[in-house]
Structures are given as C-alpha cells and as structure tokens.
Amino acid sequence: MFDLTSLGNSVIEGDDEQVRVLTNQAISANIEPLVIINEGLIGGMNVVGQRFKVNDMFVPEVLMSARAMNAGIELVKPLLAGGEMTNKGTVVIGTVKGDLHDIGKSLVGMMLECSGYKVIDLGVDISPEEFIAAIKENDGKILALSALLTTTMLAMKSTIDECLEQGIRDKVKVVIGGAPISQEFSDQIGADGYAGDAAAAVELVAKLLLDATMVAR
Ligand code: B1M
C-alpha cells in the first residue's frame, strides 16, 4: 500500500526529485490522480502554509515546496486531461493589481481545475480591466481574486466596482481569498463569498454555481 504521507513530506522538504519519484510510484500503484494531488501534493503544501503562519518556515523554503508540488502535479495532470476534466464552468483567477504572491492562488486554481472547472489563470498583478476582459472573452462564470497584502486587498473592491461599471456584475460570481481576507471584508466590498483555503474555495464555487442554476430555473 502506497503511503501518501511520504509524498506530502517530500513537498514539505522541497525535494522535487523525491516528489517525482514518489508521484510516479503512486501512479504505478494505481492511486487515483485526484487523491495523489489532494492528499499527497496539496496536503503537503497545506502544512507548509500553516508552518509559515507560525514562522516555522521561511520564504525560500516555501518557494522550494511550491516548486516540488508543481513537479508532482505536472506528472499527474495528463492523467486527468481525458476523463475527469469536464468543464463545470469557467473560472477566471488571478492575484490582484500590485500583488505578486501566487503560491496560494495557483493552489486554488489547481484544485478547481482538478475538480472539473475550466480555469483561466491570469497570473499576478492583474488590473480590474484585465480581469473583466478575460471574463468577457471566456464567458467566465466565476471571478476568483487572491490578495496577500493588506495594501492590495482594496484592489478587490476596485475590481468589483469595475464589474458594476461595465454591467457584468450580475453575470459573474466573485469569490475572494488570501491570508488577510475574511468573510467580514468580503461582505464589506460586496463579493459573493470568501474561502479560507483551496478546498473551501472549491466548495464555495460549487455552491455559488448551484445557487445560480436554481435562480435561473
Ligand atoms: Co510576501 N508578504 N511580500 N512574499 N509573503 C506576506 C504575505 C507577509 C504576511 C509576510 C510577513 O510580513 N509576515 C507580508 C504581508 C504583510 C501585510 O500586508 N499585512 C508580505 C510582504 C510585506 C511582502 C513584501 C511587501 C515584502 C517586501 O518586499 N518588503 C513583498 C510584496 C511584493 C508584492 O506582492 N508586490 C513580498 C514578496 C514576497 C515574495 C516574492 C518573496 C514571496 C512570494 C512568492 C510567490 O508567491 N511566488 C513572498 C512570500 C512567499 C510570502 C509568505 C512568506 C508566504 C505566502 C505563501 O505563499 N503562503 C507570506 C507570509 C504568510 O503568509 N505567512 C508573505 C503559502 C500559501 C499556500 O498560502 O498564499 O495564504 P496563501 O494561500 C492560501 C490561502 O490564503 C487561500 O488558499 C491558499 C491555500 O490554502 N487563498 C485563497 C489564497 N488565495 C485565495 C483565493 C481564493 C480562495 C482562497 O479565492 C479566489
């Protein structure tokens, strides 16, 4: 029986070579691709996030862990492409204007993709105009905004305001997240919801799209 904890531990250690070896072993052991990602790779990265919060890990280590996680995900991704990758709805995701943090945002995007959504990841430092252009171009149903700095949180409000200005606010659900974000802030700026981590973001997106379908009926 393959032990996914060892894969998670290799992510925590930032050992991309070992992650590749263990991911290939997990694939050979016929472990479901989504289980490898969620319980092994993202499981390890979640621990990294928690350790950061208590200053038990530092920037270079987080970056190495993120790189190691991505090395594993690259091996598993092709296995998802044919079967489980249906499109439950298009999500446009990015880190807001002025903010260069992308590890958490990429995790959220990855989890959504693995859960069957088409994800357009715009990257970091994205202006309200760029977000809205991508929503229009791709018929996006969900706008997912990430911010890690207290100074850039306000760009989330500017993005929502721009959605209103351009007349698309009622066509898109806005979800927000990142270390300084809270449900209270989400309510204040008129977002549709806040998620504290990648798994919660997947649940929130599913709920918002289901609610939207019910209203449309
Ligand atoms: Co920066 N940084 N950083 N940094 N950095 C923080 C955020 C900080 C808290 C560190 C500290 O001082 N203790 C602090 C912010 C303080 C504040 O605003 N209150 C800070 C600062 C100040 C800065 C700079 C200004 C430093 C400087 O230059 N003086 C600078 C800003 C650059 C800029 O953005 N313009 C800066 C730069 C950097 C690096 C480039 C070195 C690097 C980022 C590299 C990269 O992302 N490629 C970096 C890092 C790594 C961090 C910390 C250490 C780790 C962030 C991280 O990746 N965590 C961070 C300290 C910390 O958070 N404790 C810090 C792991 C990741 C898995 O968690 O991103 O929280 P997180 O994502 C979680 C959830 O938040 C949630 O799900 C994820 C998975 O569970 N989530 C969402 C995230 N987005 C979501 C979206 C959703 C839903 C959930 O829906 C859409």
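Our subject is the structure listed above.
My aim in this report is to walk through the structure given alongside it, one point at a time. Bear in mind the structure is a predicted one, so any value in this text is a computation, not a measurement. (Residues numbered from 1 in each chain as written. Predicted model: local features only at pLDDT ≥ 70, side-chain atom pairs only at ≥ 80, totals over all residues. Heavy atoms only, no water.)

Turning our attention to the layout of surface pockets. For the largest pocket, the calculated volume is near 1100 Å³. In this structure, the largest pocket is lined by 41 residues; those nearest its centre are Gly 49, Ile 103, Gly 104, Leu 148 and Ala 179. At the level of secondary structure, the elements contributing two or more residues to the lining of the largest pocket comprise helix 3 (33–53), helix 4 (59–81), helix 5 (103–114), strand 3 (142–146), strand 4 (173–177) and helix 9 (198–216). When residues in the lining of the largest pocket are grouped by element, the largest group, nine residues, is from helix 3. By residue class, the composition of the lining of the largest pocket is 27 nonpolar, ten polar and four charged. Residue-level mapping places the lining of the largest pocket at the junction of two domains, with at least three residues from each of domain 1 (4–79) and domain 2 (90–216). Considering only enclosed or pocket space, the second largest pocket measures out at about 200 Å³ in volume. In this structure, the second largest pocket is lined by 14 residues; those nearest its centre are Met 69, Asn 70, Ser 106, Met 110 and Asp 121. (1 Å grid on protein atoms, 1.4 Å probe; cavity = no way out; pocket = protein on both sides within 12 Å on 5 of 7 lines; lining within 4 Å. Points joined across faces, edges and corners; volume = space filled by probe spheres on them. Helix = DSSP H or I, 4+ residues; strand = E, 2+ residues; numbered from the N terminus. Nonpolar A, V, L, I, M, F, W, Y, C, P; charged D, E, K, R; others polar. Domains from an automatic or database assignment.)

A separate point is helix 3. Given 3.6 residues per turn, any residue in an α-helix points the same way as the ones three and four places further on. Across its 21 residues, helix 3 extends 29 Å between first and last C-alpha, which sits within 8% of the 30 Å expected from 1.5 Å per residue. Along helix 3, the sharpest kink reaches roughly 40°, centred on Ile 42. Listed in full, the buried residues belonging to helix 3 are Pro 33, Ile 36, Ile 37, Gly 40, Leu 41, Ile 42, Gly 44, Met 45 and Val 48. Looking one or two places after helix 3, you find Asn 55, whose phi comes out positive at around 60°. (Expected span 1.5 Å × (residues − 1). Bend = angle between axes of the 7 residues up to and from the residue. Buried < 20%, exposed > 50% of the residue type's maximum accessible area, 1.4 Å probe, protein only.)

Of the strand pairs in this sheet, strand 1 (residues 90–95) and strand 2 (residues 118–121) are connected by four bridges, and their pairing is parallel. What sits directly across from Val 92, in strand 2, is Ile 120. After leaving strand 1, the chain enters helix 5 and then returns to the sheet as strand 2, a path that is right-handed. (Pairing = 2+ DSSP bridges. Right-handed = clockwise from strand over helix to strand, strands pointing away.)

This part takes up the site of the ligand. Close contacts around the ligand come from 30 residues, with Leu 100, His 101, Asp 102, Ser 146 and Thr 150 the closest. Gly 98 is positioned such that a nitrogen or oxygen atom in its backbone is 3.0 Å from a nitrogen atom of the ligand. The separation between an oxygen atom of the ligand and a polar main-chain atom of Ala 179 is 3.4 Å. The site holding the ligand turns out to be the largest pocket. For the shell around the ligand, the elements supplying multiple residues, two or more each, are helix 3, helix 4, helix 5, strand 3, strand 4 and helix 9. Examining the composition of the shell around the ligand, we find that four residues originate from one element, helix 5, more than from any other. Here the shell around the ligand gathers at least three residues from each of two domains, domain 1 (4–79) and domain 2 (90–216). (Near = heavy atom within 4 Å. Polar contact = N/O pair within 3.5 Å; in protein donor to acceptor, adjacent residues only side chain to side chain. Sits in = over half its atoms within 2 Å of the grid points.)

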